[in-house]
Amino acid sequence: MPTELPYAADAEEALSYDELEVLRLQYQKELSQSHVTVQTKFNYAWGLVKSPLREHQVEGVRLLQDIYRQEPGRRRECLYYLALGHYKMGNYEEARRFNALLLDKEPTNLQAQSLATLIDKRVTREGYIGMAIVGGVAAFSTLVLASIIRRASRK
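Residues numbered from 1 in each chain as written. Predicted model: local features only at pLDDT ≥ 70, side-chain atom pairs only at ≥ 80, totals over all residues. Heavy atoms only, no water.

- By the naming in an unreviewed UniProt entry, the protein chain is Mitochondrial fission 1 protein, taken from Lentinus tigrinus ALCF2SS1-6.
- Quoted straight from UniProt, the Function (unreviewed entry) entry for the protein chain says "Has a role in mitochondrial fission. Has a role in outer membrane fission but not matrix separation."
- Regarding the protein chain, the relevant UniProt record gives this comment under Sequence similarities (unreviewed entry): "Belongs to the FIS1 family." (UniProt positions renumbered as here; feature names shortened; annotations may be inferred.)

Structure below.
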């Protein structure tokens, strides 16, 4: 789903397998040495969040949440990717919450503004799909009920 919003490019662009592998290997190397730098952890989380694979996105969000909690000086840069990760996983309320925190700090942040638009569009779309499903179920239920009443009145 390409977007016309230039600043939300991260919502659709993933790293190549090789690019993500470089980040993973660096993270694993530092992890095996019992000292992962915040930058390495952030870089790997960033790559995972951009992935089209849900399990990567979940792991990326988990790593970003660790950084957010443990490194107050890095919170601002985590907010956008936490919002993006939740958006890509379909957790729109969480995406809105993190994006709103970033917009509170930086109201002119174009990435956050365009991500807010993407979130709103997706929520609206999902709402329409939900209403269509409910409408379909209601129509089907009405037909079944009418059929049962018709059969009962014939006896």
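### Focus: the environment of Ala95
Then, number 1: By secondary structure assignment, the location of Ala95 is in helix α5 (residues 92–105).
Then, number 2: The class for Ala95 is buried, based on a relative accessible area of 0%.
Then, number 3: Placed 15 residues apart in sequence, Ala95 and Tyr80 show a C-alpha to C-alpha distance of 8.8 Å.
Then, number 4: The contact partners of Ala95, leaving out residues within four places of it in the chain, are Ala83, His86, Tyr87 and Ile119. (Helix = DSSP H or I, 4+ residues; strand = E, 2+ residues; numbered from the N terminus. Buried < 20%, exposed > 50% of the residue type's maximum accessible area, 1.4 Å probe, protein only. Contact = heavy atoms within 4.5 Å.)

### Considering helix α4 (residues 75–89)
Then, number 1: In a regular helix each residue adds 1.5 Å, so 15 residues correspond to 21 Å; α4 covers 21 Å between its end C-alpha atoms and thus fits that length.
Then, number 2: The element α4 is extensively covered by neighbouring structure, given that 11 of its 15 residues are classed as buried.
Then, number 3: Cys78, Leu79, Tyr80, Tyr81, Leu82, Ala83, Leu84, Gly85, His86, Tyr87 and Met89 are the residues of α4 that are buried.
Then, number 4: Looking one or two places after α4, you find Gly90, whose phi comes out positive at around 85°. (Expected span 1.5 Å × (residues − 1).)

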